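# Summary of structural features
Here are the chains, one letter per residue:
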Amino acid sequence: MTGRLALTFDDRHVDSWVSARPLLDGVGARATFFLVEADLLDRREQSGIRTLLADGHSIGSHGARHRNADETIARAGAASYLADEIDPSVQALRALGASAQTFAYPNSRRDEASDDILLARFDHLRTGGPRTDDPAVAARAISAPGSSVRVHPGRGIDTARGEHAHPADADVLSGMMRHLADRGGTLVLYAHDIAASSPANHIHPDRLRRILIEASGLGLDLVGMDALPDIEGHREH
Ligand SMILES: [Zn+2]
């Protein structure tokens, strides 16, 4: 039973993502990039997105303007949220050639109402959970083989934000990857910028390389979220 590691990257760090292509190619990994402000990209960014798509990576929506889904739906209603935050993003992504089958919650803000509304539009949603050091709690981010999970908790792997370093929790992630290798299942990872330093949340390229090599050595499938199993009967688009 093969474990599956779904790599995802959020926001609008297109240049960095393009630069990281050799890292992903080095182990045959494919990833999903969750793009915000897809309608505002300049020509270079548009070209970068097309390059990532041509490599076989997938591009999902991270909203048009990074609005909190739960809060916006509660305040403005579902129709307004979809018209302002989702439709413009999906239309811009499709114009770039992306399928936009997946969505990552900005700021990991979600609730049952937002899940219901967005699961009618997307195959899979990704949120985020606490970056716990407790291996038993961390393992809850792993979906068991054959489960029909469509809202994926995700595990953060950024190394820092600006000068502020995130927890050095490589051993916890190693344990999660061994769990996947031994028992199968799916784990979604997320990061943002890919750079040695950045004012934004970012993963150092060396750290990303180590994760990819370790996962590859364990025989995990390194896929984007578009490759997660479809739910029978779904797919309205
Ligand atoms: Zn974001």
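Residues numbered from 1 in each chain as written. Predicted model: local features only at pLDDT ≥ 70, side-chain atom pairs only at ≥ 80, totals over all residues. Heavy atoms only, no water.

Per an unreviewed UniProt entry, the recorded name for the chain is Polysaccharide deacetylase, and the organism is Microbacterium azadirachtae. According to UniProt, the comment filed for the chain under the heading Subcellular location (unreviewed entry) is "Secreted". (UniProt positions renumbered as here; feature names shortened; annotations may be inferred.)

### Here's the deal with the environment of Thr127
Within the secondary structure, Thr127 sits in the loop between strand 5 (124-126) and helix 7 (135-138). For Thr127, a relative accessible area of 8% puts it in the buried group. If near-sequence neighbours (up to four positions away) are discounted, Thr127 is found in contact with Tyr105, Ser108, Arg110, Val151, His152, Pro153, Gly154 and Tyr190. Within the local environment of Thr127, its side chain forms a polar contact with the backbone oxygen of Ser108, the two atoms lying 3.3 Å apart. (Helix = DSSP H or I, 4+ residues; strand = E, 2+ residues; numbered from the N terminus. Buried < 20%, exposed > 50% of the residue type's maximum accessible area, 1.4 Å probe, protein only. Contact = heavy atoms within 4.5 Å. Polar contact = N/O pair within 3.5 Å; in protein donor to acceptor, adjacent residues only side chain to side chain.)

### Examining the sheet that holds strand 11 (residues 193-194)
Strands sit in the order 9-8-12-11 across an open sheet of four strands; the sheet is mixed. In this open sheet, the two strands that pair with only one neighbour each are strand 9 (164-165) and strand 11. Where strand 11 and strand 12 (residues 201-203) come together, two bridges link them in parallel fashion. Looking at strand 12, one finds that Asp193 is bridged to His202. This element, helix 9 (residues 205-217), spans strand 11 and strand 12 of the sheet and lies at about 55° to strand 12. (Pairing = 2+ DSSP bridges. Axes fitted to C-alpha atoms, helices over the stretch in contact; angles between N-to-C directions.)

### Regarding the layout of surface pockets
For the largest pocket, the calculated volume is near 410 Å³. Surrounding the largest pocket, 21 residues form its lining, Asp158, Arg161, Tyr190, His192 and Asn201 being those nearest its centre. Residues belonging to the lining of the largest pocket are distributed by class as follows: five nonpolar, ten polar and six charged. (1 Å grid on protein atoms, 1.4 Å probe; cavity = no way out; pocket = protein on both sides within 12 Å on 5 of 7 lines; lining within 4 Å. Points joined across faces, edges and corners; volume = space filled by probe spheres on them. Nonpolar A, V, L, I, M, F, W, Y, C, P; charged D, E, K, R; others polar.)

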